[in-house]
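Next come the chains, spelled out residue by residue.
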Amino acid sequence: MLQRIQSIYLLFASLVLFALFIFPLAHGLFVDGKLIDVTVTGVTENVNGADRPVQSFVALTVLTAIVGLIPLVIIFLYKNRKQQIALIYSTILVLIGYSFWMAQTVKKVVGPITLEYRNMGIGLFLTSLSIILLIFAAKAVQRDEKLVKSADRLR
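Calculation rules
- Residues numbered from 1 in each chain as written.
- Predicted model: local features only at pLDDT ≥ 70, side-chain atom pairs only at ≥ 80, totals over all residues.
- Heavy atoms only, no water.
- Helix = DSSP H or I, 4+ residues; strand = E, 2+ residues; numbered from the N terminus.
- Expected span 1.5 Å × (residues − 1).
- Buried < 20%, exposed > 50% of the residue type's maximum accessible area, 1.4 Å probe, protein only.
- Phe/Tyr/Trp six-rings, centres within 6.5 Å; stacked < 30°, edge-to-face > 60°.
- Pairing = 2+ DSSP bridges.
- Axes fitted to C-alpha atoms, helices over the stretch in contact; angles between N-to-C directions.
- Parallel < 35°, antiparallel > 145°, perpendicular 65-115°, else oblique.
- Left-handed = near helix turned anticlockwise from the far one by under 90°.
- Contact = heavy atoms within 4.5 Å.
- Nonpolar A, V, L, I, M, F, W, Y, C, P; charged D, E, K, R; others polar.

Novice: Explain helix α3 (residues 81-110) here, please?
Specialist: Along an α-helix, a turn takes 3.6 residues, which lines up residues three or four apart on a common side. Taking 1.5 Å of rise per residue, 30 residues should cover 44 Å, and α3 covers 43 Å from first to last C-alpha, within 8% of that figure. Residue G111 follows α3 closely and has a positive phi angle near 75°.

Novice: Help me understand the environment of Y117, please; the structure alone is not making it clear to me.
Specialist: Within the secondary structure, Y117 is located in the loop between α3 and α4 (123-154). The spacing of Y117 and K79 is 38 residues in sequence and 44 Å in space, taken between C-alpha atoms.

Novice: I would appreciate a short explanation of the environment of A19 in the present structure.
Specialist: Along the chain, A19 turns up in the loop between α1 (5-18) and β1 (26-31). Look at A19 and you get buried, because its relative accessible area is 12%. Along the sequence, A19 and L35 sit 16 residues apart, while their C-alpha atoms lie 23 Å from each other.

Novice: Hey, could you run me through helix α2 (residues 58-75) in this one?
Specialist: For α2, spanning 18 residues, the distance from its first C-alpha to its last is 27 Å, which sits close to the expected 26 Å at 1.5 Å a residue. All buried positions along α2 are accounted for by L60, T64, V67, G68, P71, I74 and I75.

Novice: Even after reading the chapter, I still don't get the packing of aromatic side chains, so can you show me in this structure?
Specialist: In total, this model carries two aromatic pairs according to the counting rule given. On the numbers, 5.5 Å between centres and 50° between planes, the contact of Y9 with F136 is tilted. In this pair, Y9 sits in helix α1 while F136 sits in helix α4, placing the two residues 127 residues apart along the sequence. Relative accessible area serves as the criterion here: at 22%, Y9 is assigned to the partly exposed category. Judged by relative accessible area, F136 falls into the partly exposed class, the value being 43%.

Novice: Please clarify how the sheet that holds β1 should be interpreted in this entry.
Specialist: Hydrogen bonds between backbone groups are what pair the strands of a sheet, and the pairing can be parallel or antiparallel. Strand order in this open sheet of four strands is β1-β2-β3-β4, and the pairing throughout is antiparallel. Strand pairing shows two members of the sheet lacking a second neighbour, β1 and β4 (50-56), which therefore form its edges. Each adjacent strand pair in this sheet contributes to an overall mean axis angle of 35°, direction not counted. Examined bridge by bridge, strand β3 (residues 42-47) and β4 share six bridges and lie antiparallel to one another. Its bridge partner being in β4, T44 is matched across the sheet by P53.

Novice: Help me out: how do you make sense of the packing of α2 against α3 in this one?
Specialist: Think of two packed helices as two axes; the pair is described by the angle between the axes and how far apart they sit. It is at 11 Å that the axes of α2 and α3 come closest, and there the two elements cross at 160°. For the element pair α2 / α3, the angle class is roughly antiparallel. For the pair α2 and α3, the sense of crossing is left-handed. In this structure, α2 uses A59, L60, L63, T64, V67, I70, I74 and I75 to contact α3, whose residues at the interface are Q84, L87, I88, T91, V94, L95, Y98, W101 and T105. Residue composition of the contact of α2 with α3, grouped by class: 13 nonpolar, four polar and no charged.

Below, the structure is given as structure tokens:
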């Protein structure tokens, strides 16, 4: 069934991942005397109130779009719950690696500057929120599987 709670969790996980295109990973950093923001699409420099792209992250942008689409695809695999659970856990592992890659990218851009809490963007925490939503979805799919098995037993 498409209207189950795991569909809501998977939809929100996907929306959270697509929110990475909106929210910065790090903002308000002074690198080489320039005020920069780091997003999944690249580095932008703030010049007189206008953002000017300095560097782009094509691979990170494409991977963000792919990772954001995976939970949406998983929603439509509702007929095969075991495959759905396996894909959810695989997506969690991919997101852990993606988070590491994202953090290393920010670290490489920032260089020797220590990132303070006020410079951290919401984007650094969105993958963690998505992982939590995916765990909730996996638990809901397992509950559905258990319910179907118990109903089969009663027949």
